[in-house]
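# Notes for the structure review
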Amino acid sequence: MRVKLKDAFEAIERVCAPVALSDELCARYNHYDNSGVLVENEGEITGVLFSLDFTPAAAEEAVKRGCNLIVTHHPAIYHGQKRITPSNDLISRALVTCIKNGIGVISMHLNFDSAEEGIDYFLMKGLGGTQAEIMDKLSVGGYGRLYEIPEIKFSDFVKKIGKTFNTKRIFAYGDPTRRIKKVASFCGAGADESAGGFAIEGGADVIVSADFAHHMITGLYYNGVNVVQMTHYASEVYGFTRMAQKLIPELGVPAYVYIDEQLL
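Structural notes, computed from the coordinates. (Residues numbered from 1 in each chain as written. Predicted model: local features only at pLDDT ≥ 70, side-chain atom pairs only at ≥ 80, totals over all residues. Heavy atoms only, no water.)

Another point: helix 6 (residues 119-127). Counting buried positions over the 9 residues of helix 6 gives 8, a clear majority of the element. When we look at burial in helix 6, the residues that qualify are Ile119, Asp120, Tyr121, Phe122, Leu123, Met124, Gly126 and Leu127. Following helix 6 by one or two positions, Gly128 adopts a phi angle in the positive range, close to 110°. (Buried < 20%, exposed > 50% of the residue type's maximum accessible area, 1.4 Å probe, protein only. Helix = DSSP H or I, 4+ residues; strand = E, 2+ residues; numbered from the N terminus.)

Spelled out as structure tokens, the structure:
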């Protein structure tokens, strides 16, 4: 089976999430994104490496495994890249490796976050939820979820997160004996003021996300919402991996998921 870049891209859009979903989220809620084919290559795809981040380590892993396509979540090029040199700029270094070795790059960012069964959805599933009220609703899926889980003590909820998401880097704020049954969660860096308001107004016992600003933590805590702060990586690689595993059988070429254990 001969697979080219456009074939892989079409499979990703069909099985996981189209870039149009990112465009819809940006248009409706004033976000910014840069998803799609960001580095083109020619010829047949020999292998695909899935990596949440676009890093020199991921690019080198692709070379090592004989992959000439990397699929990332975080965009390989987000804002304007002024120069591409083998310098200390991590993105630039990774781009140099890809260009020298004929490696294409597809980045699927906000569309993977907000897909009906996307990264934000899988964060909810990992935390014990099944059906949710969505904050930023789209024609399909959306971002930010509020839902009920089987009642659990807060300290046990935090331990369960560590085990489920394979992470030890968790900050937890709130009474460890409190009973938790309603959760608001936002994958990645989505815990802004609107997310906090969504959690408070929805009666959440706890909010789970990453990259909280200090004023958000204090505001939530003193409004009666416990806070769990995961690493950005741990909150997203769980769902990204499941999306990759769903897609791999459709690609028809060797494919691997690269996990950066240092970021969990």
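What follows continues from the structure just given.
One pass over the full model with this rule turns up 8 salt bridges. One salt bridge in this structure joins Glu61 and Arg65, with 2.8 Å as the shortest N-O distance. Of this pair, Glu61 and Arg65 both sit in helix 3 (residues 56-65), 4 residues apart, which is roughly one turn of that helix. Since its relative accessible area comes to 40%, Arg65 is described here as partly exposed. (Salt bridge = Lys/Arg side-chain N within 4 Å of Asp/Glu carboxyl O.)

A word on a nonpolar patch on the surface. Residues Phe171, Tyr173, Tyr221 and Tyr222 make up a contiguous nonpolar surface patch of about 480 Å² in total accessible area. Its place among the elements puts Tyr173 in strand 7 (residues 171-173). (Patch = residues over 30% accessible without salt bridge, like charges linked within 9 Å, V, L, I, M, F, W, Y side chains within 5 Å. Areas by Shrake-Rupley, 256 points an atom, 1.4 Å probe, with all protein chains shown as cover.)

A sheet is described by the order of its strands in space; here 5 strands give the open sequence 1-4-3-2-11, paired in mixed fashion. The open sheet has two free edges, formed respectively by strand 1 (36-39) and strand 11 (255-258), since each of these has just one partner strand. Between one strand and the next, the sheet's axes are offset by a mean angle of 25°, whatever the strand orientation. In this structure, strand 1 lies alongside strand 4 (residues 104-107), joined through 3 bridges in antiparallel fashion. Along strand 4, the bridge assignment pairs Val37 with Ile106. Helix 1 (residues 5-15) contacts strand 1, strand 3 (69-72) and strand 4 of the sheet and is inclined by roughly 145° relative to strand 1. (Pairing = 2+ DSSP bridges. Axes fitted to C-alpha atoms, helices over the stretch in contact; angles between N-to-C directions. Contact = heavy atoms within 4.5 Å.)

So, on to the packing of helix 8 (residues 193-201) against helix 9 (residues 214-221). Running from amino to carboxyl end, helix 8 crosses helix 9 at an angle of 10°, the nearest separation of the two axes being 11 Å. Relative to helix 9, helix 8 is oriented roughly parallel. For the pair helix 8 and helix 9, the crossing hand works out as right-handed. On the side of helix 8, the interface is formed by Glu193, Gly196 and Ile200, while helix 9 contributes His215, Met216 and Leu220. Grouping the amino acids of the contact of helix 8 with helix 9 by side-chain chemistry returns 3 nonpolar, 2 polar and 1 charged. (Parallel < 35°, antiparallel > 145°, perpendicular 65-115°, else oblique. Left-handed = near helix turned anticlockwise from the far one by under 90°. Nonpolar A, V, L, I, M, F, W, Y, C, P; charged D, E, K, R; others polar.)

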